[in-house]
Amino acid sequence: MSSIQQNIEQITSQISNAQQKCGRVQESVQLLAVSKTKPNQAILDAALAGQIQFGENYVQEGVDKVSYFSEHHSNLALEWHFIGPIQSNKTRPVAEHFDWVHTVDRAKIAQRLSDQRPSQLPPLQVLIQVNTSGESSKSGIEEHQVFELAALICTLPNLTLRGLMSIPADVPDYASQLHAFKQLAELKQSLSERHPELNLDTLSMGMSGDMEAAIEAGSTMVRIGTAIFGARDYASKA
Ligand SMILES: *Cc1c(COP(=O)(O)O)cnc(C)c1O
């Protein structure tokens, strides 16, 4: 068994323990394997261990990987999540290649993703990225802006709103992590009450360093890179 496969087994059992500890139903948290900067072979190793959902941060790198796997390993039926910042001039390749986008943070991006989604593909599954920790994190919209953006997304034919995502400030203590994650969970609850017609089933929160707190607060998708694939080497990236 490769080390990537061992890491996936270990993370899967950590997720399962965390669920058990706080009394959540087993299998209610999905594992998104964050493969940015990692080669196709690493993704293939993970896929052969049963991993299906992969997250990418950089548009060109992500598009290359999606294309490679749909050409050479379409039988694996991988699901691709875009989780990096999006510039409005890069929305087209994202709309054309990915299944999910976690980082929708303004009307213009939502509008363009919907306009550019090819009609033969299912709607793009999207999350609104929220800044729950004020100045310490640079990306995502303020909590009070979420309702207006959600209302817009509801009118866009080629997007399906599935929930919220956040990257809270990197703090080591469990109580502060839990506090930030609970804020996002409560916001999703209010949004669900405002939009009972939507099936908001996704809270994308928790990374290698704060996964347990995220799961206690109600995460349904943890985004794990380093703990699966090892440290990233950014020096080799152009
Ligand atoms: C890189 C990244 C991750 C994974 O981080 P690790 O610390 O390597 O687990 C998760 N979410 C986002 C948005 C990222 O950019």
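- Looking up the protein chain in an unreviewed UniProt entry gives the name Pyridoxal phosphate homeostasis protein, with the organism given as Vibrio renipiscarius.
- Taken directly from UniProt, the Function (unreviewed entry) text for the protein chain runs: "Pyridoxal 5'-phosphate (PLP)-binding protein, which is involved in PLP homeostasis."
- Under the Cofactor (unreviewed entry) heading, UniProt states for the protein chain: "pyridoxal 5'-phosphate".

1. So, the site of the ligand
- Around the ligand, a shell composed of 13 residues is seen, among which Lys36, Asn57, Ser208, Gly225 and Thr226 lie nearest.
- Arg223 is positioned such that a nitrogen or oxygen atom in its side chain is 2.8 Å from a nitrogen atom of the ligand.
- One of the backbone N or O atoms of Gly225 is found 2.8 Å from an oxygen atom in the ligand.
- Relative to its unbound accessible area of 390 Å², the ligand is 89% covered by the protein chains.

2. Here we look at the packing of helix α5 (residues 107-116) against helix α6 (residues 146-155)
- Here α5 crosses α6 at 15°, and the two axes come no closer than 10 Å. The orientation of α5 relative to α6 falls into the category roughly parallel. Between α5 and α6 lies a crossing whose hand is right-handed. Where α5 abuts α6, its residues Ala107, Ala110 and Gln111 lie against Leu149, Leu152 and Ile153.
- Of the residues that constitute the contact of α5 with α6, the class distribution is five nonpolar, one polar and no charged.

3. Focus on the packing of α6 against helix α7 (residues 174-194)
- Packing of α6 against α7 brings their axes to within 11 Å, and their N-to-C directions diverge by 45°. Taken together, the axes of α6 and α7 are oblique relative to one another. By crossing handedness, the relation of α6 to α7 is classed as right-handed. On the side of α6, the interface is formed by Val146, Phe147 and Ala150, while α7 contributes Leu187, Ser190, Leu191 and Arg194.
- Here the contact of α6 with α7 is built from residues that sort into five nonpolar, one polar and one charged.

The rules behind the values
Residues numbered from 1 in each chain as written. Predicted model: local features only at pLDDT ≥ 70, side-chain atom pairs only at ≥ 80, totals over all residues. Heavy atoms only, no water. UniProt positions renumbered as here; feature names shortened; annotations may be inferred. Near = heavy atom within 4 Å. Polar contact = N/O pair within 3.5 Å; in protein donor to acceptor, adjacent residues only side chain to side chain. Areas by Shrake-Rupley, 256 points an atom, 1.4 Å probe, with all protein chains shown as cover. Axes fitted to C-alpha atoms, helices over the stretch in contact; angles between N-to-C directions. Helix = DSSP H or I, 4+ residues; strand = E, 2+ residues; numbered from the N terminus. Parallel < 35°, antiparallel > 145°, perpendicular 65-115°, else oblique. Left-handed = near helix turned anticlockwise from the far one by under 90°. Contact = heavy atoms within 4.5 Å. Nonpolar A, V, L, I, M, F, W, Y, C, P; charged D, E, K, R; others polar.

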